[in-house]
Structure formats: structure tokens, C-alpha cells
Amino acid sequence: MYMAYGWPQVIPMESPSFPSTQQIVYLKVLNRLLLVVLPTSLELWSSSQHRVRLGKHKRDAESVKKEGENFRAIWSPDAKLIAVLTSQLYLHIFKIQMSEKKIRTVGKQPTGLLLANLSLVLSEKVPFSDGNFAVSNFVCDNKHMLIGLSDGSLYDISWKGEFCGAFFLKARVNGKLGANALSHQSGSDQLSDRNQIIDEPNDLNHFKEKASAVVHLEFSIALWLLLVLFSDGELDVFSVSKKGLRHADGIVYEMRLNSKEVVCTSVAPTQQILAVGTRKGTVELYDLANSLSPIRSVSLHDWGYSVEDTGPINCIAWTPDSSAFSVGWKLRGLTVWSVSGCRLMSTIRRIGLSSASSPIVKSNQDFKYEPMMVGTSLMHWDEHGYRLYAVEQGCSERIIAFSFGKCCLNGGVSGITYSLQIICGEDRLLIVQSECTDELKMLHLILPVSYISQNWPVLHVAASSDGTYLAISGVHGLILHDMRLKRWRVFGDITQEQKIQCKGLLWVGKIVVICNYVDSSDTYELLFYPRYHLDQSSLLCRKPLLTKPLAMDAYQDYILVTYPPFDTHIFQMKLIGELSPSSSPEIQLSTVRELSIMTAKGHPVAMRFIPDQLPRENIRSSMLTNSGLGSREPSRCLILRGNGDLSLLDLHDGRERKLSDSVELFWVTCGQTEEKTNLIEEVSWLDYGHRGMQVWYPSPGVDPFKQEEFLQLDPEMEFDREVYPLGLLPNAGVVVGVSQRVSSSSCTEFPCYETAPQAQTILHCLLRHLLQRDKRDQALRLAQLSAEKPHFSHCLEWLLFTVFEAEVSRHNSGKSSEMVSNRSTSFLEKTCDLIRNFPEYYDVVVSVARKTDGRHWGDLFSASGRSTELFEECFQRRWYRTAACYILVIDKLEGPAVSQYCALRLLQATLDDSLYELAGELVRYLLRSGRDYEPSVGSDRDSPRFLEYFLLPSGFKNQPQDANGSSFKEPSAHVASVKSILESHASYLMSGKELSKLVAFVKGTHFDLVEYLQREGRGSARLENFASGLEMIRQKLQMGTLQSRLDAEFLLSHMCSVKFKEWIVVLATLLRRSEVLFDLFRHDVRLWRAYRITLQAQESFAEYDDLLQELDSRLSSIKQVEGTET
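Only a predicted model underlies this, so the values are computations on that prediction, with no experimental measurement involved. (Residues numbered from 1 in each chain as written. Predicted model: local features only at pLDDT ≥ 70, side-chain atom pairs only at ≥ 80, totals over all residues. Heavy atoms only, no water.)

Peer 1: Just checking my understanding: could you explain the confidence of the model for the chain for this structure?
Peer 2: Detailed reading of the predicted coordinates is not advisable wherever pLDDT is low. Taken residue by residue, the chain gives an average pLDDT of 81. The fraction at 70 or more is 81%. Predicted confidence for residues 616–630 stays below pLDDT 50, and this span has 12 contacts to residues more than four positions away or in other chains. Here residues 932–970 scores under 50 on pLDDT; set against residues more than four positions off or in separate chains, the count is 47 contacts. (pLDDT = per-residue confidence, 0-100. Contact = heavy atoms within 4.5 Å.)

Peer 1: Even after reading the chapter, I still don't get the packing of helix H9 (residues 792–812) against helix H11 (residues 841–850), so can you show me in this structure?
Peer 2: Helices that pack against each other are described as a pair by the angle of their axes relative to one another and the distance between those axes. Look at H9 against H11: their axes get within 9 Å of each other, and the N-to-C directions meet at 50 degrees. The orientation of H9 relative to H11 falls into the category oblique. Our pair here, H9 against H11, has a crossing hand that is right-handed. Each of Ser793, Leu796, Glu797, Leu800, Phe801 and Phe804 in H9 lies in contact with H11, whose residues at this interface are Val844, Val845, Ser847 and Val848. Considered class by class, the residues forming the contact of H9 with H11 number 7 nonpolar, 2 polar and 1 charged. (Axes fitted to C-alpha atoms, helices over the stretch in contact; angles between N-to-C directions. Helix = DSSP H or I, 4+ residues; strand = E, 2+ residues; numbered from the N terminus. Parallel < 35°, antiparallel > 145°, perpendicular 65-115°, else oblique. Left-handed = near helix turned anticlockwise from the far one by under 90°. Nonpolar A, V, L, I, M, F, W, Y, C, P; charged D, E, K, R; others polar.)

Peer 1: How should I be thinking about helix H8 (residues 776–786) in this particular structure?
Peer 2: Residues spaced three or four apart along an α-helix point in a common direction, a consequence of the helix completing one turn every 3.6 residues. For H8, every residue scored as buried is listed here: Ala779, Leu782, Ala783 and Ser786. Buried residues along H8 cover an arc of 100 degrees about the axis, so they all sit on one side. (Buried < 20%, exposed > 50% of the residue type's maximum accessible area, 1.4 Å probe, protein only. Arc of directions from axis to C-beta.)

Peer 1: Just to check I follow, could you spell out the sheet that holds strand S26 (residues 324–329) for this structure?
Peer 2: Within a beta sheet, neighbouring strands are joined by backbone hydrogen bonds and run either parallel or antiparallel to one another. The strand order across the open sheet formed by 4 strands is S25-S26-S27-S28, and the pairing between neighbours is antiparallel. Looking at strand neighbours, the two that pair on one side only are strand S25 (313–318) and strand S28 (343–346), the edges of this open sheet. Sheet twist, expressed as the average angle between the axes of neighbouring strands with direction ignored, equals 20 degrees. By the bridge criterion, 5 bridges tie S25 to S26 in an arrangement that is antiparallel. From the neighbouring strand, Cys315 faces S26, where its bridge partner is Gly328. (Pairing = 2+ DSSP bridges.)

Peer 1: Could you clarify how one ought to interpret the side chain of Arg428 in this entry?
Peer 2: Structurally, Arg428 can be placed in strand S33 (residues 428–433). A relative accessible area of 19% places Arg428 in the buried class. Among the polar contacts made by the side chain of Arg428, one reaches the side chain of Asp427 at a distance of 3.1 Å. (Polar contact = N/O pair within 3.5 Å; in protein donor to acceptor, adjacent residues only side chain to side chain.)

Peer 1: Explain the pairing of strand S31 (residues 398–406) to me, please; I cannot follow it from the model alone.
Peer 2: Sheet faces and side chains relate simply in a regular strand, where the side chains alternate between the two faces. Counting buried positions along S31 gives 9 out of 9 residues, so the element sits mostly inside the fold. Burial along S31 is two-sided: Arg398, Ile400, Phe402, Phe404 and Lys406 facing one way and Ile399, Ala401, Ser403 and Gly405 facing the other are all buried. Relative to S31, strand S1 (residues 2–4) is paired through 3 bridges, and the arrangement is antiparallel. Bridge pairing in S31 places Met3 opposite Gly405.

Peer 1: For this particular structure, what's the right way to read the sheet that holds strand S43 (residues 551–555)?
Peer 2: Read from one edge to the other, the open sheet built from 4 strands follows the order S43-S44-S45-S46, with strand pairing classed as antiparallel. In this open sheet, the two strands that pair with only one neighbour each are S43 and strand S46 (586–596). Pairwise comparison of adjacent strand axes, ignoring direction, gives a mean angle of 20 degrees for this sheet.

Peer 1: I tried to follow the environment of Ala222 on my own but got confused; where do I start?
Peer 2: Secondary-structure assignment places Ala222 in the loop between strand S17 (214–220) and strand S18 (225–230). The exposure class assigned to Ala222 is exposed, which follows from its relative accessible area of 55%. Distance in space between the C-alpha atoms of Ala222 and Gln272 is 9.8 Å, their sequence separation being 50 residues.

Structure (C-alpha cells):
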């Protein structure tokens, strides 16, 4: 798993002194060196902790004019030679020599970097035949390199500069294997057309020669496979003998990918997966070990981007461990995917397909610049996978380096823990802080400069079982970190630190175990150090190993070590003495078991002990009676191979049983903690792959283990295709995942990539498992432990939903026999009985109903209870929002009359509690259910306004009604009830002058206040007098808040509509709306005089003196103007 973090870094290239093509030709990282081949120069950079230019070679203008610009390049596997082919078909071979001059950067610590010399040792014209000017990329081994030509042939050149000539690869038409005939020919030889050969008889020894040009070559030295892509889009796979590329007769045709869309390829040697980029903008994965059988395809189509936006695939690069791959498109963007199809990182902005997100860069864009906005031409991972170097399409000025953190949970030789979730960066650890699963945070723990500068990068990390200590190793030495005290512990003697080359880490209690490589003797050993002191004097034990281990694991005092090809040794550790600085403890290791397994399967990449699962009560009682039973030797372990196969190994008899395939990660959960709040004690292990998360349980039946799935792609799950699982929180019963987030800053060119943690519960899986095994008491106890956990209600809802969906699926699939039906219904009832113990039950049941087809509601509520009874219970508990959700269910199961009665009761109750938004939803439901009162045509029935459902608008009162009834009919009884309830509540609010509630009521229910006031007159809206009305409304509205002023404005507009002068004067005074008062008083002088006298007579209204002065001034000016006119 790889996640980008931080800001992308820019590595600037030196500009040429004369015009040249703006395109970087070649990019590769090897032996901590970064080689960049530009059109007119070569640059060699350090790709270690410090990015420094170590050397360069610039061609002069005369050389470029005569021999052409650099066109193709290749770097020898030993990093000593560079071959460059120019556009005029001249071959240049450069030699890299490291000088003795060291480079020092700012700071006290030396970098260990040396300057390099790039010298030209060969420059010759390549004797290609006439017309073969179009060439593919180079591939090479230690002695020779190949390049594809336009006539379909391959040209062989040695690293000594010898031109060995061209040869043709012949592929069988019928796809069957046999003797491979190759012929060394010149490029001018006439080749048979492919279509003519296909029509010939199907001969076992019949081959065809390719006439199409070779456009791309891929050579995997780990698998000894050569992939040849032709211009017609066909891809042929050849096996290469161990003699190398020089021997053409050792290149044998194996298989063909029958596709016309292939544009680039990349091979993952560890998993034997072929990634193919297509013209359609998708990446297709194929299994090389299974005759190119398709695995899956990934693309950005689901994120709203088509090939018109991104263009075809331009390049693909696998991470060093083959667990993820990066994809660059020709027109826009770069993305990193996991093998399972999880999108780990993307440079493309998630803003949809607007014009701003067009792949064509616009000069007037107002958003932050996006990396790789114009496409990706080249990219390469460094040796550790901590950086991805990428080149923008058509750019020769810079290289962009993205920083990545990785998490190899099953790295084989380093232990794992469930108390901390850790992502490793090159000089830091990204740790998920999980004190509260509601808000997970990511902590960046940067290693001390004094250690990481000498031992860059971070290679192995292991956390103690309690999560209090971290053991971290770089190239040499070891460093410990106390998470509680936030302190570091290192070797006091630097010479001792440099003697340790850690190849793996384990924790056994408070002891850290190092798998150390001894350089002087080329051997491996286990070193045991106490966590309180790192020094040779505190070494507890030194155990020599047979060879470099493939996998290691520890459980309690047992240590598992597996050597190639598949020899497993299990040691038991015995501590003699007290583990403290004041004593001299020792460790004795005894071999308790040895297994040598002969198998044709691949080597294991990770192995984990599986503790024997006993009920917690049995474990506690046995530990009280006999402490020896608490550390029994595990009898089984899990094995994960490089191809994703997960199997179970019996450590007693060596029998292996395959469990699943396409697995990327797994977590052994049983026996990992003794805490009472461990919510996953029933689970044996979990695994993750392209199917999503899979939960495995112990079973007493014939099948010793039972598997359950919760799919990552299911829309009800928190995880999606951008969230990758990272670890477990046993006490919370959740899986912690991480996803990419992007934030922009005004002071940086590129956005910052952030790793955001997310939590996904598996409680519903555990509860379902316990109920299936009829462990109701244990399920109830587990649910009670989880009741205070976040998202508990969602877990119960997901549990009921999955159980109910399983029953519906069984009925739909025809498995509806009486026995099956009874059993499934019983399981549904057991689930409902469990959830009924919690107050969330009523919310859960109706939420599940809303997510399922109404045709199956009868089955659900036959198990959970009658809908009317559940409604009544919610109503009595005043859970009105939940009760409202049952209205539609009652309508479906009990009929409209019952649902309308319940809705009317609930409407009155919600109005009494001032829940006006909910009341508005009930009003709209009641009016929709009165179909006799709805219009038969038009879209007016969808209008949210209240009167359009059950009252005639004022403009319609005098219009004649259609005799055929095409307009409105008389209101139904329940519609009249709705009208009466709403008007009664409006009268209650108006009489009590609850004006804020009145405004909320009108807005929530869309009640027509104007029509009501016109019909009501000044009954409930009557004000005794201006002074008392102003004082009372001022106290009711509390004009000091913004919301109160908005409510007053709302009421003022309605009162102006009905011309209620006393209300207009009061509200306009409170709002200081002088223009409204002026319009009133200019035509009613007596009203103005009464208004002025009233305000001046009471001291409490002194705050309105400035308003009176303004009005008096404006009215006086009007009188003067009128007097002048007369």
C-alpha cells in the first residue's frame, strides 16, 4: 500500500544553450542514482536523502547538428554504462566513474555523496537497413541490448559497442508451442502478410513472421520474459533462456494477447502480473502464470473522466514490491492503484467534468496548478518505493518527485501489531492516532537527524504488542521510540550500530529481536536486546541462522523462522533471570519443531502464527490452575504467497490447505489481546484483496473455518475504492483505512497530499456470526460492550439489512421450501430480538425498511412487529421523527385510512412541540394521499406551496368550474382536518404573539399566512393599542439577533400585503424602516401625530428619538413643498 504525502518536489534540469526538442528522453533510478537523459545532455543525480546533481555531460551544438538529438537511451544493470541512440541513428555509449570528491550539504553530518564523471567512450553510426528509422525503446541484460525496428525485427547491440545485426521473432499462428525458427535477415527481405498466413492449414510447426513495426519492448530479467508490442496493437510474449538476449535461438514464443488496443506494458515479477495500457485509457491486468488470463481492469471512468479527458495510457510503472502500480496518461494526470483496484493517489482534481477540469491547460485558470496537468511522459519509482519521479508531457525543464509512505503489513520478516497503524516514510513514520474513532488523526513522527542522516532510509518497523514502543531500523543500526514518554533510544556506540544490518524486526514481550546480516561472513543471525538498553553488553542472545529467512513471526515465547525453499523452524524462548537493568538476564532458545515442505507453489512472503482459540472463560480458568497452558505452542499458521494465495498450514503434520486467492493483506486477530473490551475475539483472521474485506471465523463443523465477506465496493460500507485498510482496533471493533486528501496553499505551486484515516466497523459481521451459531447471550454481551461505540446504530442497521436481504435473496432464487423459509425467518426474528434490547431498535427497523423494496415489508414487519405498534411506541416516547418514518410503511401494510389517522395525530403533536419542518413533511404527505383533491393534470401537485394542494388561490375564486370536474373537487375529510389543524395552530400562535414560532411555522408548512389573515380579519391578530403592542412585540422578537430581524422582515412583508396598519407601524418601528413609515404618515397626518405623541410620552421609547427626528424632517419638507405649490 502506497500513499502520497506532502508537497511534490521539483528537480530542475539545466537548460540547453541552444534550441532543442522539449522532451526528456529517459528516466531511471538505480543504485541510489537518478539518470536523466535530455535531448542534448545527460544528468546524474543522487536519489538518496539529498537530491544533488552528481555529474552531467552536455553535447555541443556541432555534435547535435551532425548526429541529431538524443532519441532513445538505456542504462546497464550494473549502473556503469549508458547507451544513447540519437535521432540520426548514432550510438553513444557513456561510462560512469565515481570520483573521490565528496559532497557536503548544509549541516554537520556528511552526506557520503561523490561526484561522478560521465565520459563518452563510443560514438558510431548504427548500420540499420534503409527505411528502418522508426525504432522502439531499448531493453537490455548484462551483456546485450535490443531495440525494435520498423520492419518488425529486433536489432542486437552489445555493451561493448558491437553491432550483432537484426533478427526476426516468429510467432505461431495457432498458438501451440513447438520448435521456434528464427532467421537472421536484413530489413529489406520481403515478409509474408499476416492475414495470408492465418488462412493456411493449421500445422503444429507453422509460425508466422510479424510485418508490423515494433513499437515497445519490455524485458523482465526476474521472469526471463520478453514482451514485444507491435504497431497493430498485438502483444507477443517470449521466454528468454538464461543465456541472455544475445542468443536469438533462446527466445521462444509463449503466448499472445489478442488485443488491438495495447499501447504500453509493465510486468510485476513478484506476482507475475502483466499490466497493459490501452488506447481507451484503461489498464488491464493479466496473469502471466495462467496463460494471460484476465484479472481485472482499472480506469478513471467511475470518477467521471473519459479517454477524451485523459487520453490513452502513456506509461505504467510498478512499485519495487509489485504491490501497486502508477499510471500516466498522455493528456492529463497520474494515478497510483493497488493490485486489488483501490485508487491510492491521483493528481487529477476531483471537480467533475467542468470546463475548468479540461485536460487542456487554459491561461486564465483561477485554480491551483495540478501536477501532470498536460500529461505524463515518463515515470520511475526509486528502489525503496518512497519516491515516484515523473516527467510532464513535452517538458525538459524539470522532474517532479512525489513522496510516498508505504505499509507492508505482511512484509514477512518484520512483526505486526494491532495497537498501532503505521505507514513508513523515508525519514518518518505516519501513525494513526486512535484514541477516539470518531476523529482519527495522522501523526508524523520524524526520526532524529543524527540517526536517519547516516542510515537513510527507513527499512523496517515493528511495534510492541502493547503499542508503547516502536523499533525502527534503517540501513544500519536500530532506534527505539517510547510512545508514552516521546523519547528515542539509540546505540551509544556508533561502531556497534554500524555492525548491524537489520533485515527484519520482531517484538517478544519487552525484547526486540533483530534479524541481522553479518557482512564479513555473509551469514544471518538473530539478536535479542532488551528495550531499556541498546548495547553489546545488554545482548541477551545471539542465534545463528541457516540463511536469509523468508518469513518470521513471534507469538508469546515462540518464534517462527522460515528459510528458502520452505523450511520452517520454531524456537521456544526461555528467559533466565529478571529483565531489568539491575540484573544480568539471559535467553535460551530451543528448537521445538522443524518442517521441510516440498511444494511446487511459490515461496511464502509472510507467515503468521494462529493461536489456538479457546473460550475466554476457559483460558482464564486454565491460567489460574496452570500457568503453563497460557503459552501453548501454536499448531497452525497462515501463509501468504507472492501470487496472493492464502493458505493454512498445520505445523504438526505439514499439511497445507488453500483458503483464498488474490489476497494482499491479512490480520490474525485471535489471541492478540486479553482485554475485556476486545470486540473481535470471535474472529480468527481477516484478509483483504480485490473482493474487499473477508472475515474468517472458527466453526465446530466439518469445515474448521467459515468465511464471511463485507465487500469494499458495497455502497452501504464506509470503505470505497479510495480507502485502503491499514489495521485493526480490537477494542473498538473497527478496521482503520486511509485515503488521499488534497489541500492547496496560496504560496505553493502544487497542492499538498495528505493521508486521511477512516474507520469502518465490523461489528455487524461479528453479531451475525454469533447469531448464526445460536450464541444469543454472547451476541447480546458483545452488543452491550459496543453500545457506546461510534456508529453503533449504523452497525445494527447494517446487521438487520444484510440478514433481511439474505432472506429476500433466498426467496427470489427459488429456495423457498418450508424448511428453508422457517429457518431464515427464525434467523431474522433472532436478529430483531437482539436489536430490540436497544433503544435504536425503532430507528433501525424503519431505516432498513426504507432501503428495501416495499414488496418485502410484510416479511420484515412480521419478524420485527406490526408497524402500527412500532409507531405507537415511538409516539408515546415522543420520538416523532422516527414515528413519521413509519407513516409510509403503515400506508403500505395497513392502508391509507390508518396511515392518514396516524399522520394527523402526529401532525398535531409536532405542531405542539414546534417541530415545523417535520410538520411540513406530514402536511405534504397528507395532501398527496388525498388523491381526490389533487389536480388530474399538470405539475401543480408537485408544488411545495400549501394552498396549491387544498385551497383555491385567491385569483381562482371567481373562475367558473369545469362541469366535468377537470379542476378541483371538494376537499376530502382528512384534508379538511389538516386545514383545521393548521389554522388552529396559526390562531394559537397569533393570539399569543409567538411571532418567531409563527414565522417558522409558515416556512416549515408553507402555510398561506396572507390568505389566513385576510379571512381571519383582526381577530387573533388584533393589537390593543400601539404602545402596548410595540412593547410586547419588542419583547417577543428580541431584535438584537439577526434571526429575529429576519423574522420581523418576513412578518412585515405579509402585513403589508393585507394592509394591517397597526402591525406595519409596529414592525417598521422595530426594524427602523423609515421609508415604510414615511409612506404611511405622508397620507395620514393624524396617524403621524398619534405616533409621535405616543413615542415621546414614554421614556422606554426614547431609543426611537432619532427615528422620530428623521421622519419629522422628511414630513416637514413635504409640507413645505406642498405649501409652496399651493
